[in-house]
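Analysis of the macromolecular model
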Amino acid sequence: MKFTFITAICALALTLGVMDARAAELDEKKAKIIWDKYCAFCHGEDAKARTTIARKVNAADLTSEKIQRKFGDNREELMEIISKGLSKRDKNIMKPLKEKLKKEEIENLALYVLKLSSKDQKKDK
Ligand code: HEC
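Residues numbered from 1 in each chain as written. Predicted model: local features only at pLDDT ≥ 70, side-chain atom pairs only at ≥ 80, totals over all residues.

**So, the overall build of the protein chain**
Condition: Helix numbering and strand numbering both begin at the N terminus, where a helix is a DSSP run of H or I of at least 4 residues and a strand a DSSP run of E of at least 2. Here a residue counts as buried when 20 or more other C-beta atoms fall within 10 Å of its C-beta, as exposed when 12 or fewer do, and as partly exposed in between; the C-beta atoms come from the backbone.
Check the secondary structure of the protein chain and you find seven helices and two strands. Along the chain direction, N to C, the helices and strands of the protein chain fall in the order α-α-α-α-α-β-β-α-α. Counting all 125 residues of the protein chain, 18% fall into the buried class.

**Re the packing of helix α5 (residues 75-84) against helix α6 (residues 103-117)**
Stated formally: Convention adopted: a line fitted to C-alpha atoms gives each axis, helices being fitted over their contacting stretch, and angles between N-to-C directions are expressed from 0 to 180 degrees. Under this scheme an angle from 65 to 115 degrees is roughly perpendicular, one under 35 degrees roughly parallel, and one over 145 degrees roughly antiparallel; angles in between are oblique. By convention, the crossing between two helices is left-handed when the near helix turns anticlockwise from the far helix through less than a right angle, and right-handed when the turn is clockwise. C-beta atoms are first placed from the backbone for all residues, and any pair lying within 7 Å is then listed as a contact. By the convention adopted, Pro, Cys, Tyr, Trp, Phe, Met, Ile, Leu, Val and Ala count as nonpolar, Lys, Arg, Asp and Glu as charged, and the other residues, Gly among them, as polar.
At a minimum axis separation of 9 Å, α5 and α6 run at an interaxial angle of 120°. Taken together, the axes of α5 and α6 are oblique relative to one another. Judged by the twist between their axes, the crossing of α5 over α6 is right-handed. On the side of α5, the interface is formed by Arg75, Leu78, Met79, Ile82 and Ser83, while α6 contributes Ile106, Glu107, Leu109, Ala110, Leu111, Val113 and Leu114. Counted by class, the contact of α5 with α6 contains nine nonpolar, one polar and two charged residues.

**A few points about the site of the ligand**
Heads up, the condition is: Whether a residue is near a molecule or strand depends on its C-beta atom, generated from backbone atoms, being within 6 Å of that molecule or strand.
Close contacts around the ligand come from 21 residues, with Tyr38, Cys39, Cys42, Ala59 and Ala60 the closest. Those elements giving two or more residues to the shell around the ligand turn out to be α2 (28-43), α5, β1 (86-88), β2 (91-94) and α6. Ranked by residue count, the leading element in the shell around the ligand is α2, at five residues. Among the residues making up the shell around the ligand, the classes are represented as 17 nonpolar, two polar and two charged.

**Details of unusual backbone geometry**
The phi angle at asparagine 58 is positive, at roughly 60°, despite the residue not being glycine. Relative to the assigned elements, asparagine 58 resides in the loop between α3 (52-57) and α4 (65-71). Note on asparagine 58: 9 C-beta atoms within 10 Å, which makes it exposed.

**Topic: the nonpolar core**
Condition: By definition, a nonpolar core groups buried Ala, Val, Leu, Ile, Met, Phe, Trp, Tyr and Cys residues that connect through C-beta atoms lying within 7 Å of each other.
Membership of the largest hydrophobic core comes to 15 residues, with the highest contact counts inside it found for Leu109, Ala110, Tyr112 and Val113. Elements represented by at least two residues in this core include exactly α2, α5 and α6. In terms of residues, this core owes the most to one element, α6, which gives eight residues. Setting aside residues no more than four positions away along its own chain, tyrosine 112 makes contact with Leu26, Glu28, Ala31 and Trp35.

**Some details on the environment of lysine 29**
Tracing the chain through its elements places lysine 29 in helix α2. A C-alpha to C-alpha distance of 9.7 Å links lysine 29 and tyrosine 112, two positions 83 residues apart in sequence.

**Details of α5**
An α-helical turn contains 3.6 residues, so any two residues separated by three or four positions project in the same direction. Applied cut-off: Our arc is simply the arc of the directions from the helix axis toward the C-beta atoms.
Looking only at α5, the buried set comprises Arg75, Leu78 and Ile82. All buried residues of α5 lie within an arc of 65° about the axis, which places them on one face of the element. Seen from the open side of α5, the exposed residues pointing more than 90 degrees away from its buried face are Glu76 and Glu77. Close packing links the buried residues of α5 with α4 and α6. Looking one or two residues beyond α5, the residue adopting positive phi is glycine 85, at roughly 80°.

Structure, rendered in structure tokens:
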């Protein structure tokens, strides 16, 4: 009886562990929907900041090496920026999204941005 109980706990822990790992994996489809809704307006659909508005607001090219160098695979920092927004010299550039998006959505979006700037992505092209 005791043995079964322990086995059940282990199985549960294992399942939760697997679920947790899966939650932190990029779901590109979902990320793209959020990207299009909240980010593409300024950064361009391809994130390369080549649109008229992107040039006007001077948005960052998120596929650039500069971004890769800055964030590497540091999703925490990106999540922070997405959650809190970005302002410079008292000018609001990006609105905070922590009220609009769930934490998982913010994390997923961060993973998406990291993939955009990753070198692997560039090799595919
Ligand atoms: C209102 C226009 C606008 C929107 C919308 C916008 N951005 Fe930006 N973003 C900018 C501008 C402008 C910059 C360049 C800021 C600077 O001068 O460093 C920037 C920079 C960034 C950077 C680089 C920050 C850094 O520290 O170098 C990231 C990452 C980023 N944006 C991600 C996003 C994501 C993800 C979204 C969608 C949730 C988004 N942006 C939506 C205008 C925007």
